[in-house]
Amino acid sequence: MTDPRHPPQKDQPRWLGAVPSGRVPIVPLIAAARWLLLLVVIAGIYFFSGFVVPVLAALVIGFATWPLFRDLTRLCDGNTKLSASIALVCILLFLIVPMLVAVSFALEEFRGWFSWLLEANRSGVEVPPWIVTLPMAGDWLAEQWRLHVGPPGAIGELIQIVSGANIGNIYRAVMTAGGEAFRLLLLLLFMMIALFFVYKDGSALVEQIDLVGERILPTRWSRISRIVPATISSTVTGMTLIAIGEGIVLGVAYWIAGVPSPAIFGVITGVMALIPGGAPLSFTLISIYLVASGSAVEGAALFTWGTVELFIVDKTLRPRLVGGPIKLPFLPTFFGLVGGVKTMGFLGLFIGPVLMALLVAIWREWLTELRSEEKAPVLAPPQEPPTAA
C-alpha cells in the first residue's frame, strides 16, 4: 500500500555523484573533483602570485645554505626552531652589514661630490683636461662647459632651470622610488618569514616532494632530486663568491690606479660581475676614463690587470664553482641570466641559471637514454618451427 499523501516520484538525475536507480549522472564524481581541484589551484595562483618571488628567494637561500644549517641543527641538539632563528639572524647580518658598509662609503663619496659642487658653484671651475682631449667631441664639450658650468653660479642656475621645468617629474620619481623601497622591504620581510619555515620544516617538505616525485618520475626522480639542490647551491654560492671577489679585487685596483670613488665603483663592478660581460664593461670604461684624463699608464695597467684577472676567474674558478654537477656552457648560462633578470629582476640572476641547468640535465639524460637504446642488441624474432608436410 502506498501513502496517498506522498505519491511515488520518478528518480530525477542528480548533478553530482551516482543515483540510486543506476542512471549516469550529468557530471561524474571524479570529473567534478578534478574540476574543483583545478579551480582551487587557479585561485591559489591568482591570490598568492605576489608571494612567488619572496618564496623562491627563500627556497634558493635555503638550498644554498642547507649543509651549514644541518651542521647548525646538529650543534643545537636537533632543535630546528632554535637553529632556524640563529640562521635567520646570520642571513640578516650577511645581507644588512654589507649594505650598511656600502651605503656609508657611498654617503662619504656623495658628501665629497656635494662639497665640490658647492665650491665649483661659488668660485667657478676650469674645464677638466680629459674633456679637452676627447676625440671629435672634446672642443664642443669644452665650449659648453665654459658657457654653462665654468662661470661662478652657473651650476646653481642650471640646477634651478632643470628642477623648475621638471618639478612634476621629479616629484613623481621621488614618490615612485619611495614606493619601490617600501615594496622591497615588504618582499624582504616575506622572504625572511618564508625562509624561517623552510629551515624549520625543510626535512618534512623534502619527504613530501620525494613522495610526489617518485610517483611522477619513478625511475628518474632519484637522479633529478640530487641534481637540483647541488645545482642551486653551487650556482648561488659560486656566483656570489665570484661577484664579491671581483668587486674587492677590482675595487683595490681602482684605488691603486687613482680612480675617484673607488669604493662605489668596486660595488658597481661586483654587481655587474653577476651578469656575463658586466665586469669587463666596468673596468674597460674606467680604463678609458683614465686614459682620456691623462693617466694613460694607469689606464693601460688597469685594463691589463682586469683582463688577466677575468681570464683566471673564467678559466679556473667559475667552471669549478658555478653549475655543480651540470657544467653549463656559456650560451645557456647567458640566456638563463638575461631571461631570469628580464622575468624576475635581481632574483632571476640565480633562478635563471638553475632552470637552464635543469633543462640541460634533462636533455643530457634523454640523450643518454636514446644512445643506450641504440647500442642495445636487437634480438631476432623467434622463428616458427617448420610444419610437417
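In this text the structure is predicted, and so the values were computed from the model without any measurement. (Residues numbered from 1 in each chain as written. Predicted model: local features only at pLDDT ≥ 70, side-chain atom pairs only at ≥ 80, totals over all residues. Heavy atoms only, no water.)

Q: I keep staring at the overall build of the protein and nothing clicks. Help me out?
A: For the protein, the helix and strand inventory stands at 14 helices and zero strands. When its helices and strands are written in sequence order, the protein yields α-α-α-α-α-α-α-α-α-α-α-α-α-α. Counted over contacts in the protein with a minimum sequence separation of 6, partners at least 24 positions apart contribute 63%. (Helix = DSSP H or I, 4+ residues; strand = E, 2+ residues; numbered from the N terminus. Contact = heavy atoms within 4.5 Å.)

Q: Honestly, the environment of G245 in this entry has me stumped. Any pointers?
A: Along the chain, the position of G245 falls in helix 9 (residues 221-257). You can call G245 partly exposed: its relative accessible area is 28%. As a C-alpha pair, G245 and V313 span 68 residues in sequence and 9.7 Å in three-dimensional space. (Buried < 20%, exposed > 50% of the residue type's maximum accessible area, 1.4 Å probe, protein only.)

Q: How should I be thinking about the pattern of salt bridges in this particular structure?
A: Pairing is possible between side chains of opposite charge, provided their charged atoms come close. Overall, the coordinates contain two salt bridges when judged by the stated rule. The shortest N-O distance in the salt bridge between R74 and D71 comes to 2.9 Å. Placement of the pair is R74 and D71 together in helix 2 (residues 52-75), with a separation of three residues, close to one helical turn. (Salt bridge = Lys/Arg side-chain N within 4 Å of Asp/Glu carboxyl O.)

Q: How should helix 3 (residues 80-123) be read in this particular structure?
A: An α-helix turns once every 3.6 residues. As a result, residues three or four positions apart point the same way. With 44 residues, helix 3 extends 64 Å between its outermost C-alpha atoms, agreeing within 8% with the 64 Å of an ideal straight helix rising 1.5 Å per residue. Burial in helix 3 covers these residues: S83, A84, A87, L88, I91, A106, E109 and A120. For helix 3, the side-chain oxygen to backbone nitrogen distance between the N-cap and K81 is 3.3 Å, and the N-cap itself is N79. A positive backbone phi angle near 85° is found at G124, which sits one or two residues after helix 3. (Expected span 1.5 Å × (residues − 1). Polar contact = N/O pair within 3.5 Å; in protein donor to acceptor, adjacent residues only side chain to side chain.)

Q: Honestly, the nonpolar core in this entry has me stumped. Any pointers?
A: What tends to happen in soluble globular proteins is that the nonpolar side chains get buried as a cluster. Counting residues in hydrophobic clusters, the biggest one holds 30 residues, and the most contacted among them are V60, M192, L195, Y199, V236 and F350. Of all elements in the fold, only helix 2, helix 3, helix 7 (167-200), helix 9 and helix 14 (348-375) reach the threshold of two or more residues within this core. Formed by nine residues, the second largest nonpolar core is a distinct cluster that contains A257, F283, L290 and L302. (Core = buried A, V, L, I, M, F, W, Y, C linked by side-chain atoms within 4.5 Å.)

Q: Help me understand the side chain of T269, please; the structure alone is not making it clear to me.
A: Tracing the chain through its elements places T269 in helix 10 (residues 262-272). Using a relative accessible area of 0% as the deciding quantity, one classes T269 as buried. Those residues within four positions of T269 in sequence are excluded, and the remaining contacts are L250, Y254, A279 and S282.

Q: Sorry if this is basic, but what is going on with the side chain of T73 here?
A: Mapped onto the fold, T73 is located in helix 2. With residues up to four places along the chain from it excluded, the contact list for T73 reads G78, N79, T80 and S83.

Q: Looking at this model, I keep getting lost on a nonpolar patch on the surface. Mind explaining?
A: Together, F94, I244, I248, V252, W255 and I256 make up a nonpolar patch on the protein surface, roughly 670 Å² of accessible area in all. Here the nonpolar patch gets five residues from one element, more than from any other, and that element is helix 9. Along the chain, W255 turns up in helix 9. (Patch = residues over 30% accessible without salt bridge, like charges linked within 9 Å, V, L, I, M, F, W, Y side chains within 5 Å. Areas by Shrake-Rupley, 256 points an atom, 1.4 Å probe, with all protein chains shown as cover.)

Q: Where do I start with the confidence of the model for the protein in this structure?
A: One rule of thumb: low pLDDT means the predicted coordinates there are not for detailed reading. The predicted model of the protein averages 75 in pLDDT, with 82% of residues at 70 or higher. Ranking the elements of the protein by mean pLDDT puts helix 6 (residues 154-165) last, at 68, and helix 11 (residues 278-292) first, at 84. For residues 11-17, every residue scores under 50 in pLDDT, and the model assigns this stretch 15 contacts once sequence neighbours within four places are set aside. (pLDDT = per-residue confidence, 0-100.)

Q: Is there a simple way to think about unusual backbone geometry in this case?
A: Comment: phi is negative for the bulk of residues other than glycine, and the bulk of peptide bonds are trans. Backbone geometry places D77, a non-glycine residue, at a positive phi of 60°. On the secondary structure map, D77 appears in the loop between helix 2 and helix 3. A relative accessible area of 73% places D77 in the exposed class.

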